[in-house]
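These are the residues of each chain, in order.
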Amino acid sequence: MRQFFPILGGVAATMLLASAAHAGDGKSRASFGYTHYDSTGGELGMITARYGYQPYKYIGIEGELSTGIVDETVTVGTQTADIGVDIAYGLYSTVQVPFDRLGSNVFVRAGYQEIHFDLESGATTAEGELKGLGYGGGLNVMFTVHHGLRMEYTRVEGEDDENADTYSLSYVLRF
């Protein structure tokens, strides 16, 4: 799972380069933080990077990339196994309603999400995935015009009644 830290570094570099392309228009936003994943398969932790662009007053788009940092040990019968997120990514449409002059806002989002897992038990490894519709909402609280905090909930609905709830807390940079 740790092989994806370089990918997150690349995402951060891409966000910085993208900021140069849109510098000063205030329509771009990057965030970096922690996401808690909760499903019947376990409770896991991820670091998450997001980039969003809002070309219209209320409507925008955002992409996200996450990798696991907190695994869980599960026991089935006499066997124990470690489960963790390998990589997760998604693309969302957003609707945001600002409520102060700094740009703090309430938002809802809907889109497509994939979460890929690793399961390790001794020398045995397996992979799993959850992919499908993601929807949720949250709050961006801006402390200055450029810096803020994002709190968010998203539900991912997969196939065969598989689903997960995610809760995220992130630092936001608007540029």
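Keep in mind that this is a model prediction, so the values were computed, not measured.

Draft legend 1. Region of the structure containing a nonpolar patch on the surface. Taken together, the side chains of Y56, Y58, I59, V95, V97 and V108 present a nonpolar region at the surface, about 580 Å² in accessible area. When you line up the elements, Y56 lands in the loop between β2 (42-53) and β3 (59-70).

Draft legend 2. Fine view of the environment of D118. Inspection of the secondary structure assignment puts D118 in strand β6 (residues 105-121). For the pair D118 and G84, spaced 34 residues apart in sequence, the C-alpha to C-alpha distance is 5.5 Å.

Draft legend 3. Quick peek at the pattern of salt bridges. Considering all chains together, one arrives at 11 salt bridges under this definition. When the shortest N-O distance is used, the salt bridge between E62 and R150 registers 2.9 Å. Of this pair, E62 sits in strand β3 while R150 sits in strand β8 (residues 147-157), placing them 88 residues apart in sequence. Here E62 and R150 have matching classes, each one buried. Residue E64 is joined to R109 by a salt bridge in which the shortest nitrogen-to-oxygen separation is 3.0 Å. Placement of E64 in strand β3 and of R109 in strand β6 is noted, with a sequence separation of 45 residues between them. Neither residue differs from the other here; E64 and R109 are each classed as buried.

Draft legend 4. Structural context of the layout of surface pockets. Approximately 330 Å³ is the volume attributed to the largest pocket. Put simply, the parts of the chain that give the lining of the largest pocket at least two residues each are β1 (28-39), β5 (79-98) and β9 (163-174). Split into classes, the residues belonging to the lining of the largest pocket amount to 6 nonpolar, 8 polar and 5 charged.

Draft legend 5. View of the packing of aromatic side chains. Counted according to the given criterion, the structure contains 3 aromatic pairs. The residue whose ring lies beneath R109 is Y92, and the NZ or CZ to ring-centre distance is 3.7 Å.

Draft legend 6. Looking closely at the pairing of β8. When strand β7 (residues 124-142) meets β8, the two strands line up antiparallel, connected through 10 bridges. The residue bridging M142 from the neighbouring strand is G148, located in β8. Between the antiparallel neighbours β7 and β8 lie 4 residues. Bridge analysis of β8 against β9 gives 11 bridges, and the strand direction is antiparallel. What sits directly across from E157, in β9, is N163. Counting the residues in the hairpin turn of β8 and β9 gives 5 residues, including D160, whose phi is positive at 55 degrees.

What counts, and where the lines are drawn
- Each chain carries its own residue numbering, running from 1 in the direction its sequence is written.
- Where totals are concerned, whole chains, interfaces and linings use all residues; where local detail is concerned, this predicted model gives features only for residues with pLDDT of at least 70, and gives and counts side-chain atom pairs only at 80 or more.
- Side-chain figures throughout are based on the complete set of non-hydrogen atoms in the structure, without hydrogens or water.
- Patches were defined on residues exceeding 30% relative accessible area and lacking a salt bridge, with like-charge contacts within 9 Å and nonpolar side-chain contacts (Val, Leu, Ile, Met, Phe, Trp, Tyr) within 5 Å.
- Methods summary: accessible areas were calculated by the Shrake-Rupley approach with a probe of 1.4 Å, and residue burial reflects only the protein chains presented.
- For salt bridges, the criterion is a side-chain nitrogen of Lys or Arg within 4 Å of an Asp or Glu carboxyl oxygen.
- Here a helix means four or more residues in a row that DSSP labels H or I, a strand means two or more in a row labelled E, and each is numbered from the N terminus.
- For every residue, the accessible area (1.4 Å probe, protein chains only) is compared with the maximum for its type, and the residue is labelled buried under 20%, exposed over 50%, or partly exposed between those bounds.
- Only protein atoms enter the 1 Å grid used here. Points where a 1.4 Å probe fits but cannot escape make up a cavity, open sets with protein on both sides within 12 Å along at least five of seven lines make up a pocket, and a residue lines them when an atom lies within 4 Å of a point.
- Grid points are joined across faces, edges and corners, and a volume is the space filled by probe spheres set on the points.
- We call Asp, Glu, Lys and Arg charged. Ala, Val, Leu, Ile, Met, Phe, Trp, Tyr, Cys and Pro are nonpolar, and the rest, Gly among them, are polar.
- We call Phe, Tyr and Trp rings a pair once their centres come within 6.5 Å, taking the six-membered ring for Trp, and we label the pair stacked below 30 degrees between planes, edge-to-face above 60, and tilted otherwise.
- Criterion for a charge above a ring: Lys NZ or Arg CZ within 6 Å of the ring centre, and within 35 degrees of the ring normal.
- We treat two strands as partners when DSSP finds at least two bridges between them.

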